[in-house]
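# Residue-level structure breakdown
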Amino acid sequence: MWKLVFIFFFILVIIAFLVPKRLTKIELYTTSLFALVFGINVDLVLVFKYHLYGYFGEGFQWLGFVGEFLYFIPVSILFLNYYPFKRTNQQKLFYILAWTAGSSIIEFIVERTHFFNYTGWKLWYSIFLYPIVFLILVSHLRMVRRIIKLDR
C-alpha cells in the first residue's frame, strides 16, 4: 500500500515540474533546498531524539529519506508558486489554511499506509504546526527576494 504513496509523490514532482512558474530559478532552488533541509532537520529531532514518529520502522530508513525529497520539494514549490503575495491578509490566511487542510488529509492517508508511523505524534499536532511551517516558507522566500534585490 505504501507504494501508492510513492506514486502520489512522483505525481506531485511531475506537477511541480510542469506548472507555469511564478518564481525565478534561484527562488525555486533556494526555497526547495531550504524546505528539504528544514524538513529533514525537524524529522531528525522528532524521529531520533523524541521518537514521535518514523518512516516504515524504527531508525533510519532509506525509503523514508527518499520520500522526503519527493514530498518536501514539490510541496514547497507548489505552495510558494501560488502563494497570494499581493492579496489581502484574509486571502493569505485562507490559502495557508487550505494547504494545512490538504496537508493534514495527506498525512492522515499516508499514515494509514504505514509509510509514516506515529509512535507518540498526533495528527492534531500537525494541524497546528502546518501553518507555522508554511509561514516559515513564505518568510524564507521573502528573505531570499530581499537578498537578490540587494545583490543587484
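Up top is the structure.
Presented here is a report on the structure given in the accompanying data block.

## Description of a nonpolar patch on the surface
- Together, L44, V45, F48, Y50, F60 and W62 make up a nonpolar patch on the protein surface, roughly 650 Å² of accessible area in all.
- No other element matches helix α2 (residues 25-49), which puts three residues into the nonpolar patch.
- Looking at where F60 falls in the secondary structure, it is placed in the loop between β1 (53-55) and α3 (62-81).
- For F60, a relative accessible area of 44% translates into the label partly exposed.

## What about the nonpolar core?
- Within the largest apolar cluster, 35 residues are counted, with the highest numbers of intra-cluster contacts made by Y53, F79, L80 and F115.
- When contributions to this core are tallied by element, the ones reaching two or more residues are α1 (2-18), α2, β1, α3, α4 (89-112) and α5 (123-151).
- It is α3 that contributes the most residues to this core, eight residues altogether.
- Residues in contact with F79, not counting those within four places in the same chain, are Y95, I96, W99, F134, L137 and V138.

## A short note on the packing of aromatic side chains
- Considering all chains together, one arrives at 30 aromatic pairs under this definition.
- Look at F6 and F115: their rings are 5.5 Å apart centre to centre, the planes differ by 80°, and that puts the pair in the edge-to-face class. Of the two residues, F6 sits in helix α1 while F115 sits in the loop between α4 and β2 (116-118), which places them 109 residues apart along the sequence. Here F6 and F115 have matching classes, each one buried.
- A centroid spacing of 5.8 Å and a plane angle of 80° characterise the contact between W62 and F65, whose relative ring orientation is edge-to-face. Residue W62 and its partner F65 are both found in helix α3; the two are separated by three residues, about one turn of the helix.
- Owing to a relative accessible area of 61%, W62 belongs among the exposed residues under this scheme.
- A cation sits over an aromatic face here: R145 above F85, 4.6 Å from the ring centre.

## Topic: the packing of α4 against α5
- Between α4 and α5, whose axes approach to 9 Å, the crossing angle comes to 130°. By the angle between their directions, the pair α4 and α5 is classed as oblique. Crossing handedness for the pair α4 and α5: right-handed. Between α4 and α5, the contacting residues are K92, I96, W99, T100, S103, S104, E107 and F108 on the first element and L123, S126, I127, Y130, P131, F134, L135 and R142 on the second.
- Taken together, the residues of the contact of α4 with α5 break down into nine nonpolar, four polar and three charged.

## With respect to α2
- With 25 residues, α2 ought to run about 36 Å at 1.5 Å a step, and its terminal C-alpha atoms sit 35 Å apart, in line with that.
- All of the buried residues along α2 are E27, L28, T31, S32, A35, L36, G39, I40, D43, L46 and V47.
- The inward-facing, buried residues of α2 contact β1, α3 and α5.
- At the exit of α2 stands H51, carrying a positive phi of roughly 55°.

Each value, and the rule that gives it
- Residues numbered from 1 in each chain as written.
- Predicted model: local features only at pLDDT ≥ 70, side-chain atom pairs only at ≥ 80, totals over all residues.
- Heavy atoms only, no water.
- Patch = residues over 30% accessible without salt bridge, like charges linked within 9 Å, V, L, I, M, F, W, Y side chains within 5 Å.
- Areas by Shrake-Rupley, 256 points an atom, 1.4 Å probe, with all protein chains shown as cover.
- Salt bridge = Lys/Arg side-chain N within 4 Å of Asp/Glu carboxyl O.
- Helix = DSSP H or I, 4+ residues; strand = E, 2+ residues; numbered from the N terminus.
- Buried < 20%, exposed > 50% of the residue type's maximum accessible area, 1.4 Å probe, protein only.
- Core = buried A, V, L, I, M, F, W, Y, C linked by side-chain atoms within 4.5 Å.
- Contact = heavy atoms within 4.5 Å.
- Phe/Tyr/Trp six-rings, centres within 6.5 Å; stacked < 30°, edge-to-face > 60°.
- Lys NZ or Arg CZ within 6 Å of the ring centre and 35° of its normal.
- Axes fitted to C-alpha atoms, helices over the stretch in contact; angles between N-to-C directions.
- Parallel < 35°, antiparallel > 145°, perpendicular 65-115°, else oblique.
- Left-handed = near helix turned anticlockwise from the far one by under 90°.
- Nonpolar A, V, L, I, M, F, W, Y, C, P; charged D, E, K, R; others polar.
- Expected span 1.5 Å × (residues − 1).

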